[in-house]
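Given next are the chains, with one letter for each unit.
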2 protein chains.
Amino acid sequence: MRTELCDTLGIDYPIVAFTPSEHVAAAVSRAGGLGVLGCVRFNDAADLDAALDWMDANTGGKPYGVDIVMPSKVPTEGSVGDLSKHIPEEHRAFVERTLRELGVPEKADSDDGAGVLGWLHSVARSHVDVALKHPISLIANALGSPPNDVIEQANGHGVKVAALAGKAEHAVSHVDNGVDIVIAQGYEAGGHTGEIASMVLLPEVVDAVGDRAPVLAAGGIGSGRQVAAALALGATGVWMGSYWLTTSEYLETMRESGTVQEALVAASSSDTVRTRIFSGKPARLLKTRWTESWARPDAPDPLPMPLQNLLVAEAHQRIAAAKDPSVVAMPVGQIVGRMNAVRPVAELMSELVAEYERALDRLDKTR
Amino acid sequence: MRTELCDTLGIDYPIVAFTPSEHVAAAVSRAGGLGVLGCVRFNDAADLDAALDWMDANTGGKPYGVDIVMPSKVPTEGSVGDLSKHIPEEHRAFVERTLRELGVPEKADSDDGAGVLGWLHSVARSHVDVALKHPISLIANALGSPPNDVIEQANGHGVKVAALAGKAEHAVSHVDNGVDIVIAQGYEAGGHTGEIASMVLLPEVVDAVGDRAPVLAAGGIGSGRQVAAALALGATGVWMGSYWLTTSEYLETMRESGTVQEALVAASSSDTVRTRIFSGKPARLLKTRWTESWARPDAPDPLPMPLQNLLVAEAHQRIAAAKDPSVVAMPVGQIVGRMNAVRPVAELMSELVAEYERALDRLDKTR
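The name that an unreviewed UniProt entry assigns to chain A is NAD(P)H-dependent flavin oxidoreductase, with the source organism given as Haloechinothrix salitolerans.

Engineer: Quick rundown of the relation of the copies chain B and chain A? Include the residues and the values.
Structural biologist: For the pair of chain copies, the relating transformation is a rotation about an axis with a translation along it. Overlay of chain B on chain A (RMSD 0.0 Å): rotation 180°, translation along the axis 0.0 Å. Each copy turns onto its partner about a two-fold axis. Distance from the rotation axis, computed per C-alpha, reaches its smallest value in chain B at alanine 229 of chain B: 2.0 Å. The residues that chain B uses at the interface reappear at the interface of chain A in 100% of cases, marking a shared surface.

Engineer: Got a sec to walk through helix α7 (residues 148-156) of chain A? Specific residues and values, please.
Structural biologist: All names here are of chain A. Every buried residue of α7 is listed here: Val150, Ile151 and Ala154. What you see down the axis of α7 is that its buried residues fit within an arc of 100°, all on one side. α7 presents Asn148, Glu152 and Gly156 as exposed residues on the side facing more than 90 degrees away from its buried surface. Where α7 is buried, its residues touch α6 (121-131), β4 (138-141) and β5 (160-165). After α7 finishes, the residue glycine 158 shows a positive phi value of roughly 75°.

Engineer: Outline the packing of helix α5 (residues 89-101) of chain A against helix α14 (residues 307-322) of chain A, listing residues and values.
Structural biologist: Residues and elements named next belong to chain A. Running from amino to carboxyl end, α5 crosses α14 at an angle of 10°, the nearest separation of the two axes being 10 Å. Judged by the angle between their axes, α5 and α14 are roughly parallel. Facing α5, whose interface residues are His91, Arg92, Val95, Glu96 and Leu99, α14 presents Leu311, Ala315, Arg318 and Ile319.

Engineer: Could you give an account of the domain arrangement of chain A, naming the residues involved and the relevant values?
Structural biologist: In many reports, interface size means the accessible area that the parts give up when they come together. Residues and elements named next belong to chain A. Domain annotation of chain A identifies domain 1 (4-75 + 116-248 + 343-364) and domain 2 (80-115 + 257-327). The C-alpha centroid of domain 2 is placed 26 Å from the C-alpha centroid of domain 1. At the junction of domain 1 and domain 2, the tally comes to one salt bridge. Glutamate 195 is the salt-bridge partner of arginine 274, the closest N and O atoms lying 3.5 Å from each other. Taken together, the connections running from domain 1 to domain 2 amount to nine residue pairs in polar contact (both at pLDDT 80 or more).

Engineer: An account of the sheet that holds strand β7 (residues 191-192) of chain A is requested, with residue identities and associated values reported.
Structural biologist: Picture the strands of a sheet paired through backbone hydrogen bonds; they go either parallel or antiparallel. Residues and elements named next belong to chain A. The three strands are arranged β7-β11-β10 in an open sheet whose pairing can be described as antiparallel. Strand pairing shows two members of the sheet lacking a second neighbour, β7 and β10 (272-275), which therefore form its edges. As defined by bridge partners, β7 adjoins strand β11 (residues 283-286) across two bridges and the pair is classed as antiparallel. Residue pairing across strands places histidine 192 opposite alanine 283, the latter belonging to β11.

Engineer: Summarise the packing of helix α10 (residues 224-232) of chain A against helix α15 (residues 345-364) of chain A; cite the residues concerned and give the values.
Structural biologist: Residue and element names in this part refer to chain A. Packing of α10 against α15 leaves a shortest axis separation of 7 Å and a crossing angle of 60°. One element, α10, and the other, α15, form an angle in the oblique class. For α10 against α15, the interelement crossing comes out right-handed. Between α10 and α15, the contacting residues are Gly224, Arg225, Val227, Ala228 and Leu231 on the first element and Leu352, Glu355, Tyr356, Ala359, Leu360 and Arg362 on the second. Grouping the constituent residues of the contact of α10 with α15 by class yields seven nonpolar, one polar and three charged.

Engineer: Give a description of the nonpolar core that names residues and reports values.
Structural biologist: The biggest cluster of nonpolar side chains holds 118 residues, and the ones touching the most others in it are Val182, Val205 and Trp244 of chain A together with Val205 and Trp244 of chain B. Valine 205 of chain B has contacts with Lys167, Ala168, Ala171, Val182, Ala184 and Val215 of chain B, leaving out every residue within four places of it along the chain.

Engineer: Account for the environment of valine 238 of chain B, naming residues and giving values.
Structural biologist: Residue and element names in this part refer to chain B. Counting through the fold element by element, valine 238 comes out in strand β9 (residues 237-240). On the basis of relative accessible area, valine 238 is assigned to the buried category, the value being 0%. With residues up to four places along the chain from it excluded, the contact list for valine 238 reads Pro14, Ile15, Val16, Leu216, Ala217, Ile221, Val227 and Ala230.

Rules used throughout
- Just so you know, the residues in each chain are numbered from 1, in the order the chain's sequence is written.
- Written order determines the labels here, with chains lettered from A and ligands numbered from 1.
- In keeping with the predicted nature of the model, local features appear solely for residues at pLDDT of at least 70, side-chain atom pairs appear and are counted solely at 80 or more, and the whole-chain, interface and lining totals rest on all residues.
- Values shown for side chains rest on all heavy atoms present in the structure; no hydrogens or waters enter the calculation.
- To line up the copies, we fit them by least squares on C-alpha atoms, keeping just the residues with pLDDT of at least 70 in both.
- We call two residues contacting when some pair of their heavy atoms lies within 4.5 Å.
- Between buried and exposed lies partly exposed: a residue is buried under 20% and exposed over 50% of the maximum accessible area for its type, with that area taken using a 1.4 Å probe on protein chains only.
- Only DSSP runs of H or I covering at least 4 residues are called helices, and only runs of E covering at least 2 are called strands; the numbering of each starts at the N terminus.
- Taken from the helix axis, the directions to the C-beta atoms give the arc we talk about.
- As a rule, the C-alpha atoms of each element are fitted with a line to give its axis, helices using only the stretch in contact, and angles between N-to-C directions run from 0 to 180 degrees.
- Angular relationships are summarised with four words: roughly parallel below 35 degrees, roughly antiparallel beyond 145, roughly perpendicular across 65 to 115, and oblique for the angles in between.
- Residue ranges for the domains trace back to a domain assignment, done automatically or taken from a database.
- Between Lys or Arg on one side and Asp or Glu on the other, a salt bridge is scored when a side-chain nitrogen of the former is within 4 Å of a carboxyl oxygen of the latter.
- Distance and chemistry together define a polar contact, namely a pair of N or O atoms within 3.5 Å, with one atom able to donate a hydrogen and the other to accept it when in protein, and with adjacent residues in sequence counting only for side-chain atoms on both sides.
- Two strands are counted as paired when DSSP detects at least two bridges linking them.
- Take the far helix as the reference: if the near one is turned anticlockwise from it by less than a right angle, the crossing is left-handed, and if turned clockwise, right-handed.
- Asp, Glu, Lys and Arg are counted as charged, while Ala, Val, Leu, Ile, Met, Phe, Trp, Tyr, Cys and Pro are counted as nonpolar; the rest, among them Gly, fall into the polar class.
- For the purposes of this section, nonpolar cores are sets of buried Ala, Val, Leu, Ile, Met, Phe, Trp, Tyr and Cys residues that join through side-chain atoms within 4.5 Å.

This is the structure:
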């Protein structure tokens, strides 16, 4: 399992792992893939710095990357307080009533009220500044092309820039903007996602981008057969996110996530829903009593981004503290149906490679 | 491009083409695939008999099949008149008002008012009876397992039975019911479709069914790369429907469909919508001014099956007569973005095979 991407990024297998856990990212890099650490959860850049220090000491010199969340145009940035004024009382009341009905306890006094600030442009900028002080190989941006100066800065450090796209025209625009690697993310993916499924999207993006940039396949990948399918469709590698949420390493970083893992391991591929309730934009989440509450006829329509995010930020903290697998608020793709046990990264990686080889053997027999 | 399915069905390539056109079906069979004629449009079994006579004379002795629409349990069958009483006046008024707004002319006196009766169990039974008098190789059922006696009757004639499934558990139940071939149909497919995309669904179905039945991949397939991906995921063949709608042969049977082809050729992969407006159950259609009208806030919720079908049957006839590409009511999958010209079946078939070989060559280089 070797493509040009392996040479470009200095890795053994064209498997790129997006994860909020530095333990998972390091384990993937050690196993021959590229671990990419999601930065959005680091409200304080100093904490990201410390996590990257840890990775530098624990990747055995293997390449790794980071993932930021940054729009290409700098938005007007209100304070959380200013923005909150635009949240209708009906929505606040619905969230409060729903949490009560779901048996989610009140917020404990000890909780940090800040929520996730990585969505703010200024915070994402600080992530880039910190990351570029480390020997990273890749900056991926979840919101498409980052601003031009970020691309220039990254390339100046010899760092490649990747951007997610859910449509072929977005992919072309990313490449026009100077992005080095396109991540084509299909409908089946977790988190923010479009409507075109990987089977259709991937060859479209590959054809639209041509030889101007390598394309990674994202969405629905959690087995060697699926890696083979992605490469058959024209990708030069895969971008996997959900799949690492049920690794043993994940819990080392995300210590409170045992309940989430329990819910994920039990879920089938039918147990996700694409909804605007997480952020205001369509994102695929695990289907739980929380998401089902928002699908009821009496539920209000989700607010636009960033208001919906502010509305549910405290609810997400309370839900996390409640430790009830039936009321989890978690982005995950349809591949959750294949995540049926908590296992170490190295085992999953070697299984991906071995199954890939078997899939190619099978294809050879069709000649 | 050769799998066990080729031996099972006596074909050269594991490409099965579902189409309402006997001209397309015959051309696919002649080109080495298996043409499968959709029977639902034949209100009178004698017309199906004539179409199959034509196929017997025009497939050059190559195998072909038929597709029926039959629930496994016989439903209580009201007359169209009885059922119509349950359609709310609000819905009738909305359809009438919408067609007027869209500039769709009134119904001409000469129009046949019967609509499509192939959805009725008695009519589907007559299709089976007629088809089994011809040298067919396959009966596929769009609604899953057909009734037991139909499977026994087909197998008694040496005819294989295939059934569509959008979830792994449905696939297993089909095999338990005696179905010979499972068609795993992903979210990206045209017509009635589930929510799990092909990339995730296909290996799930293959694993669930094991070696009890071959699995065909349906949904999102219109290139050799996609056939290779489907086979990499574990399918032993592909089931393609939408892709043949823009063939030159299609127009030979469906003489009034020039407007539909024009609309399909112009559409991108973003121009479909999964909606209940066609039949009452979720089905993927070409996104047009007609489907958009039903997405407006003032539109009523679609009725359950079979009432929605009855509600829009006359509207579909008026829309077809209007010959306006922006007001087409047509099931099609996301692969429509790859259907950009009207071309002969033989050309598409040889392109599929050649691109498949190139995809395998590319995969070989990753070893």
